[in-house]
Amino acid sequence: MDLPEFMNYSNKFSKRDFVEKIARIAKSAGAKLVYAALILYYTLQSDKVSATNKAMIIGALGYLISPLDVVPDAIPIAGLADDLGVLVYVLKKVWTEVDPDIETKARERLSKWFDEDEIEEIGDLMPGGDK
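Quick caveat: nothing in here was measured; it's all calculated off a predicted structure. Here the residue numbers are simple positions, counted from 1 along each chain's written sequence. The model is predicted, so local features are restricted to residues of pLDDT at least 70 and side-chain atom pairs to those at 80 or more, both for listing and for counting; the totals for chains, interfaces and linings are taken over all residues. With hydrogens and water excluded, all non-hydrogen atoms of the structure serve as input to the side-chain values.

(A) Just the overall build of the protein chain, in detail. In terms of helices and strands, the protein chain carries six helices and zero strands. Note on conventions: DSSP H or I runs of at least 4 residues are helices, E runs of at least 2 residues are strands, and numbering of each starts at the N terminus. Starting at the N terminus and ending at the C terminus, the protein chain contains elements arranged as α-α-α-α-α-α. Counting across all 131 residues of the protein chain, residues that qualify as buried make up 46%. Whether two residues touch is decided by their heavy atoms; if any such pair falls within 4.5 Å, the residues are in contact. Taking as baseline every contact in the protein chain between residues at least 6 positions apart, the subset at least 24 positions apart corresponds to 74%. Working definition of accessibility: Shrake-Rupley area with a 1.4 Å probe, residue cover restricted to the visible protein chains. Carbon and sulfur atoms make up 54% of the accessible area of the protein chain, which amounts to about 7000 Å² in all. Think of it in three bands: with a 1.4 Å probe and only protein chains considered, a residue is buried below 20% of the maximum accessible area for its type, exposed above 50%, and partly exposed in between.

Given below as structure tokens:
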């Protein structure tokens, strides 16, 4: 899959818009997309993350928030598949800067929207399941 120029979407990111979007799409997007988004969101707040990686995260989260991207979100299934691709791409790039506390925080938040069976699907998000 060719990645879109997600960095062009960095101006679409805001904390408020992110929280509203995730709350609105959580169930339809699936645990994997929401988990990736939460990890990036919480990683963005860390003072241990490089400015370059923060810029990538902002671009990816802006892409997620924008209803008009390569595949518009209004298109069922496919509309969020490209968003997941961008989130996973950036997550793999910044994975070494993801603190275990961030993973825990993201899982705790995830449990508010998903049951344990749904949360199990996130295990294969990153190579080897975990770090």
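(B) Representation of the packing of aromatic side chains within the structure. Only the six-membered ring of Trp is used, alongside the rings of Phe and Tyr, when aromatic pairs are assigned; centres must lie within 6.5 Å, and planes under 30 degrees apart are stacked while those over 60 apart are edge-to-face, with the rest tilted. Taken as a whole and judged by the stated rule, the model has three aromatic pairs. An aromatic cluster of three or more residues is present, and its members are Phe 18, Tyr 41 and Tyr 42.

(C) Spatial organisation of the nonpolar core. Residue types Ala, Val, Leu, Ile, Met, Phe, Trp, Tyr and Cys, when buried and joined through side-chain atoms within 4.5 Å, form a set referred to as a nonpolar core. Phe 18, Leu 40, Leu 61, Leu 87 and Leu 110 are the most contacted members of the largest nonpolar core, which has 43 residues in total. Of all the secondary-structure elements, those providing two or more residues to this core are helix 1 (15-29), helix 2 (31-44), helix 3 (51-65), helix 4 (78-94) and helix 5 (100-110). In terms of residue count, helix 2 provides more of this core than any other element does, twelve residues in total. Contacts of Phe 18, omitting those with residues within four sequence positions, involve Phe 13, Ala 37, Leu 38, Tyr 41, Leu 61, Leu 64 and Ile 65.

(D) Representation of helix 2 in the model. Taking 1.5 Å of rise per residue, the 14 residues of helix 2 would be expected to cover 20 Å, and the 20 Å separating its terminal C-alpha atoms lies within 8% of that figure. Most of helix 2 sits inside the fold, with 13 of its 14 residues counted as buried. Each residue after the first adds 1.5 Å to the expected span of a helix.

Purely geometric stuff here, so don't read any function into it on its own.
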